[in-house]
Amino acid sequence: MQREQSLAPLWQPKVRPRLGQHRALNKPLDKGTLFMRLTMATFLALTVLAFASFDYQGINIYNAFLGTIDNFRVLMLSPQLTHFSLVEAAEGMLITLSLALLTTVIGAILALFFGLLAAQNLSSPLVSSLIKGGVAFIRAVPTILWVLIFAIAAGLGSVAAVTGMAFHSVGYLVKAYSEAFEEVDSGVIEALRATGASWWQIVCQAVLPTAQSYLLSWTFVRFEINFVGALAMGAAAGAGGLGFDLFLASAHYFDLREVGFITYLVLAVALVLETITTQIKVRLRVQT
Amino acid sequence: MSLLTVKGVSKHYNERIVALSDVSFAIEPGEFVVIIGSSGAGKSTLLRCINRIVEVTSGVVTFDGLDVGSLDKRELRKMRTKVGMIFQHYNLVNRLCVLENVLHGRLGYKSTWAGALGIYSEEEKAQALRVLRLVGLEEQVYQRCDQLSGGQKQRVGIARALLQDPKLLLCDEPISSLDPNASKVIMDYLKKINTELGITCLVNLHQVHVALAYAERIIGVKRGRVVYDGLTEHLTAETIHDIYGSEAGDLLLGSGGNHVG
Ligand SMILES: Nc1ncnc2c1ncn2[C@@H]1O[C@H](COP(=O)(O)OP(=O)(O)O)[C@@H](O)[C@H]1O
Ligand SMILES: [Mg+2]
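Everything quoted here is computed from the prediction, not taken from an experiment.

**Brief notes about the packing of helix α9 (residues 199-236) of chain A against helix α10 (residues 242-252) of chain A**
All names here are of chain A. Interhelical geometry of α9 versus α10 gives an angle of 50° and a closest axis separation of 6 Å. With respect to each other, α9 and α10 are oriented oblique. For α9 against α10, the interelement crossing comes out right-handed. Contacts between α9 and α10 involve L231, G234 and A235 from the former and L242, G243, F244 and F247 from the latter. Residues of the contact of α9 with α10, tallied by class, amount to five nonpolar, two polar and no charged.

Structure representation (structure tokens):
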């Protein structure tokens with residue numbers, strides 16, 4: 001025993017790096033790596049084959065390539081509004097942000113309630129697993145599909161977009177919220193039960209105060225997702241806002257400069273949102 | 001009449017885990033009783049069967065004349081207000097301040113919504129401040145609980161239980177996470193609460209020497225059964241050995257010989 005202990009510090013620093021090197025050099029070609037490499041090789045072969053067998057219909061690849069570069073240059077380097085005024089663009093942005101806010105708020109309110117019922121420590125096992133299964137299904141279907149499904153009843157437009165996006169938000173937030181609730185120390189819940197507190201009192205006095213920072217940050221993350229979603233839905237589902245302006249500028253007016261301007265506008269707002277999220281996360285880490 | 005009677009109580013968590021089997025005892029008003037036993041003996045389960053945080057498998061618990069097992073939801077809440085509970089890990093809401101945590105002791109008395117929204121009367125707040133003064137925390141009233149030391153957190157736990165205006169205090173290893181100095185402070189507070197406020201105390205302890213120093217009566221639990229129930233001075237070294245098995249040597253040695261009064 002004693003000899004082993006006294007030897008250990010001498011051995012460890014010398015042996016460990018050598019072992020590591022040894023392993024890295026002779027890394028065996030296990031099944032996973034082999035499969036990955038085969039897949040990559042197949043993709044490569046298919047890509048080459050596809051380019052060789054395309055029907056180019058007399059397009060000169062060289063010219064086409066130059067044209068694309070030129071378009072990209074116009075898009076990125078000379079942004080300009082022509083068909084919309086700056087006020088209209090700002091208005092579009094406001095509509096898109098409102099869409100994101102509305103769907104996030106609706107989603108958050110519903111998710112708060114269902115999240116409580118889905119948390120194993122606050123609900124019965126049956127109700128919890130039913131809700132968790134349900135929201136897993138909602139999440140598995142992409143947002144755009146939900147919008148199209150609701151469009152059957154509401155017609156393509158802002159109503160279908162809001163409903164579909166809120167629906168998917170509920171699925172996402174119920175999972176995030178219920179996991180935050182399940183993190184709450186079971187002893188604290190037990191202590192409040194022992195004082196004679198009721199379910200709602202325990203939720204409001206112990207669970208929500210403990211989980212609130214997590215709830216807030218998850219909600220904001222979802223707001224970011226919904227901002228991107230609102231942009232896409234504006235174009236795809238005709239929900240209006242900046243996404244629709246973008247759609248008009250590109251598919252209707254073929255105005256690359258305008259597309260460029262809107263892209264920069266979106267980028268700016270996305271950056272601001274990203275900064276706020278990072279700030280929230282930093283503050284969270286300090287607090288908890 | 002006994003304040004608490006436990007009659008033939010058994011608890012099976014599942015087919016294999018039998019936490020309690022056929023436990024019976026009675027506690028008179030004003031007693032200070034310590035339950036000792038090695039870890040896993042069933043001490044925590046026993047305390048939780050009393051206020052039905054854990055449902056018994058069989059047997060009857062009677063508190064203050066009420067058959068605890070037959071109470072409906074509302075009656076159970078009302079009964080729980082009369083049984084304070086403190087814990088090894090304090091179990092406070094760390095993000096709330098000391099006063100808010102202490103006021104949780106009133107939740108069982110309030111309407112659901114007043115309690116949920118944290119609306120307390122001036123009288124309740126004044127009472128909370130009085131209790132905080134009693135446990136020496138008048139300086140920390142608005143401090144967040146995660147900024148307190150272990151001993152201070154446990155005093156908040158005691159204050160929360162006292163605000164319930166309880167007849168019985170259940171203490172589940174109240175000093176197991178504390179250093180010896182803080183442990184002594186907490187045990188002295190519990191003793192003071194028992195003698196000065198006349199609140200009956202049922203305390204789970206792992207440490208035999210503390211039990212010997214503070215208890216009037218000791219209940220020894222081993223593998224879910226009561227193996228000793230009697231006055232502290234009648235507890236023999238053999239019985240302690242029986243209760244703790246091979247652990248007993250360490251426990252008694254660690255305490256020295258200076259504690260038993
Ligand atoms: N919630 C539970 N589910 C299953 N088994 C449990 C549970 N709580 C306690 N037990 C088991 O019951 C026995 C008694 O535990 P406990 O009452 O915590 O003992 P003590 O407090 O004396 O250490 C142990 O074997 C423990 O593993
Ligand atoms: Mg225990």
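That shown, we press on.
**A short note on the site of ligand 1**
All names here are of chain B. Around ligand 1 sit Y13, I17, A19, S38, S39, G40, A41, G42, K43, S44 and T45, and that is every residue in its neighbourhood. For ligand 1, a nitrogen atom lies 3.4 Å from a polar atom in the side chain of Y13. Between ligand 1 and the protein, one listed contact pairs an oxygen atom with a backbone N or O atom of G40 at 2.6 Å. Protein chains shield 59% of the accessible area of ligand 1, which is 560 Å² for the free molecule. When grouped by side-chain class, the residues that make up the shell around ligand 1 number four nonpolar, six polar and one charged.

**Quick look at the sheet that holds strand β8 (residues 200-205) of chain B**
Residues and elements named next belong to chain B. Taken together, the six strands give an open sheet; going across it, the order is β6-β7-β8-β3-β9-β10, and neighbouring strands pair in mixed fashion. Edge strands, defined here as strands with exactly one partner in the open sheet, are β6 (83-86) and β10 (225-231). Within this sheet the neighbouring strands show an average axis-to-axis angle of 15°, counted without direction. Of the strand pairs in this sheet, β6 and strand β7 (residues 168-172) are connected by four bridges, and their pairing is parallel. Counted as the bridge partner of M85 is L170 from β7. Strands β3 (32-36), β6, β7 and β8 of the sheet are contacted by helix α1 (residues 43-50), whose axis makes an angle of about 155° with β7.

**Thoughts on the nonpolar core**
Taken as a class, soluble globular proteins show a tendency for nonpolar side chains to be buried jointly. By size, the foremost hydrophobic cluster in this structure holds 80 residues, and its most contacted members are F181 of chain A together with L132, I158 and L190 of chain B. What I158 of chain B contacts, discounting residues up to four positions off in sequence, is I86, V135, I186, Y189, L190 and I193 of chain B. Listed in part, the 33 residues of the second largest apolar core include I53, M85, L202 and I219 of chain B.

**Quick notes on the sheet that holds strand β4 (residues 58-63) of chain B**
Residues and elements named next belong to chain B. If you trace the four strands from one edge of the open sheet to the other, you get β2-β1-β4-β5, paired in antiparallel fashion. Strands at the two margins of the open sheet, each flanked by one partner only, are β2 (18-27) and β5 (66-67). As defined by bridge partners, strand β1 (residues 4-12) adjoins β4 across five bridges and the pair is classed as antiparallel. The partner of K7 across the bridge, within β4, is V60. Across the face of the sheet, α1 comes into contact with β1, β2 and β4 while running at roughly 60° to β2.

**Some details on the interface of chain B and chain A**
If you look at the interface, chain B gives 30 residues, while chain A gives 23 residues. Both faces considered, chain B and chain A share a buried interface measuring about 2100 Å² in area, 54% of it formed by carbon and sulfur atoms. Per-residue buried area on chain B facing chain A is highest for I53, N91 and R95 of chain B; these three make up 29% of the total on that side. The tally of links between chain B and chain A comes to one salt bridge. Between E190 of chain A and R48 of chain B there is a salt bridge, with its nearest N and O atoms 2.6 Å apart. Summed over the shared surface of chain B and chain A, the number is ten residue pairs in polar contact (both at pLDDT 80 or more). Looking at the side of chain B that touches chain A, the element that brings in the most residues is helix α4 (residues 112-116) of chain B, giving four residues.

Thresholds applied
- The written sequence of each chain sets the order in which its residues are numbered from 1.
- Chains and ligands are labelled by the order in which they are written, letters from A for the one and numbers from 1 for the other.
- This being a predicted model, a pLDDT of at least 70 is required before a residue's local features are given, and a value of 80 or more before pairs of side-chain atoms are given or counted; all residues contribute to the totals for chains, interfaces and linings.
- Calculation of side-chain values draws on the structure's entire complement of heavy atoms; hydrogens and water are dropped beforehand.
- Axis definition: a line fit to C-alpha positions, over the contact stretch in the case of helices; interaxial angles, taken between N-to-C directions, run 0 to 180 degrees.
- Starting at the N terminus, helices and strands are each numbered in turn, a helix being any DSSP run of H or I of at least four residues and a strand any DSSP run of E of at least two.
- When describing relative orientation, an angle under 35 degrees is termed roughly parallel and one over 145 degrees roughly antiparallel, while 65 to 115 degrees is termed roughly perpendicular and anything else oblique.
- Working rule for handedness: look at the near helix, and if it is turned counterclockwise from the far one by less than a right angle, call the crossing left-handed; if clockwise, right-handed.
- Should any heavy atoms of two residues lie within 4.5 Å, those residues are considered in contact.
- Each residue gets one label: Ala, Val, Leu, Ile, Met, Phe, Trp, Tyr, Cys and Pro are nonpolar, Asp, Glu, Lys and Arg are charged, and the others, such as Gly, are polar.
- Any residue with a heavy atom lying within 4 Å of a molecule or strand is counted as near it.
- Counting of polar contacts relies on pairs of N or O atoms within 3.5 Å, with two restrictions inside protein: one atom must be capable of donating a hydrogen and the other of accepting it, and residues adjacent in sequence are counted only when both atoms are side-chain atoms.
- For the accessible areas, the method is Shrake-Rupley and the probe is 1.4 Å, while residue cover comes only from the protein chains on display.
- Strand pairing follows a simple DSSP-based rule, namely that at least 2 bridges must link the two strands.
- Nine residue types can take part in a nonpolar core, namely buried Ala, Val, Leu, Ile, Met, Phe, Trp, Tyr and Cys, and a core is a set of them joined through side-chain atoms within 4.5 Å.
- Partly exposed residues are those whose accessible area sits between 20% and 50% of the maximum for their type, while under 20% is buried and over 50% is exposed, using a 1.4 Å probe and protein chains only.
- Here's the idea: put two parts together, see how much 1.4 Å probe accessible area each one loses, and the total over both is what we call buried area.
- Each reported salt bridge corresponds to a side-chain nitrogen of Lys or Arg within 4 Å of a carboxyl oxygen of Asp or Glu.

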